[in-house]
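Structure at a glance
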Amino acid sequence: MIRQKLSIWTLLPAEILGDIFDLLPSHRDDPIVPNSKPPAWLAVTHVCRRWRAVSLSYARLWSDIITTPHQWAEVSISRSKAIPVTLTIRWSSPTEPLPDSLAVALSHLPRVSALLLSGPLISRHLPLIPIKDANMLKQLRIEEASNNPTSLDEDTFLKRKAPLLERVFMAGCVFSWSRWSSFCFFASSLRSLVLVWPTNVPKPTRSELHEALSTLSQLQTLRLSDLFVEDDVDSDIMAHVAECKDLASPLLSLPHLKVLYLSNEDSVPLASFLCTLE
């Protein structure tokens, strides 16, 4: 009976088996060092000879490349072949050097569709990460883990080459709002924007924020945290809402917006911002 049940799997095409393996968790997290262990689905390579052959040749299983531990990064780069990949670069200490596998991983940047950077003092490492020729990049996530904001220069950020970028998540990063049009050169393709602004850095003015968001005509998801300037008005929100409606300022049109999440220490500027939405 057991042999009959197992024989069913032998009838499945390799492509179907690969798709099933792809449903398994990509990584087994370590509570101390996340994503430091081998892929959770690696167990299927020890079931039988056929499963091992299928899993080793199924490129999509190896498309999630994490630079630590370095041996898995190098194996993933090789076995993912030429398909789009997700590249995660993570470090836990400000003095920790970038992993040796990073240079190898970045040599494949033209096929990276998602780039995730996370750690303290990202600005220290950012010049060592030559983000260029990111023609397939669709998702970018930068998370600064220290209290020192990461400054992104509009003249060098992504080398102004990311024509397919659709999703951007930036926490603890700062840039010049007055030069938004130069910085956000990918505005026309952006579908999702998450900005978690550092609390110890000056926030944009209402007009700067309004002007910046007005360029994101295709935006579907917007999350803004700690980005709103406290207004020097009565703290009565309803009174302030009525005042906003009487203003002749232009409305902010985001016709494709489906998800909106706003958070701020002071609720009054949130009400003011909501009044400007068309």
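Refer to the structure above for everything that follows.
Below you will find a few notes about this structure. (Residues numbered from 1 in each chain as written. Predicted model: local features only at pLDDT ≥ 70, side-chain atom pairs only at ≥ 80, totals over all residues. Heavy atoms only, no water.)

Below, the discussion takes up the overall build of the protein. Check the secondary structure of the protein and you find 10 helices and 10 strands. Put simply, 68% of the contacts in the protein that link residues at least 6 apart link residues at least 24 apart. Here the protein displays about 15,000 Å² of accessible surface, and carbon together with sulfur accounts for 56% of that area. (Helix = DSSP H or I, 4+ residues; strand = E, 2+ residues; numbered from the N terminus. Contact = heavy atoms within 4.5 Å. Areas by Shrake-Rupley, 256 points an atom, 1.4 Å probe, with all protein chains shown as cover.)

Turning our eyes to something else, we now look at the pattern of salt bridges. Applying the stated rule across the entire model yields 3 salt bridges. The partner of aspartate 19 in a salt bridge is arginine 60, with the nearest N and O atoms 2.8 Å apart. Within this pair, whereas aspartate 19 is found in helix H2 (residues 14–22), its partner arginine 60 is found in the loop between helix H3 (49–57) and strand S1 (64–66), the two being separated by 41 residues in sequence. According to the relative accessible area criterion, aspartate 19 is partly exposed, its value standing at 32%. Note that arginine 141 is salt-bridged to glutamate 143, the shortest N-O span being 2.8 Å. Classification of arginine 141 as partly exposed rests on a relative accessible area of 27%. Its relative accessible area of 28% is what places glutamate 143 among the partly exposed residues. (Salt bridge = Lys/Arg side-chain N within 4 Å of Asp/Glu carboxyl O. Buried < 20%, exposed > 50% of the residue type's maximum accessible area, 1.4 Å probe, protein only.)

Among the residues making up helix H8 (residues 206–213), those that are buried are Leu209, His210, Ala212 and Leu213. One face of H8 carries all of its buried residues, which in axial projection span an arc of 165 degrees. Exposed residues pointing more than 90 degrees away from the buried face of H8 are listed as Ser207 and Glu211. (Arc of directions from axis to C-beta.)

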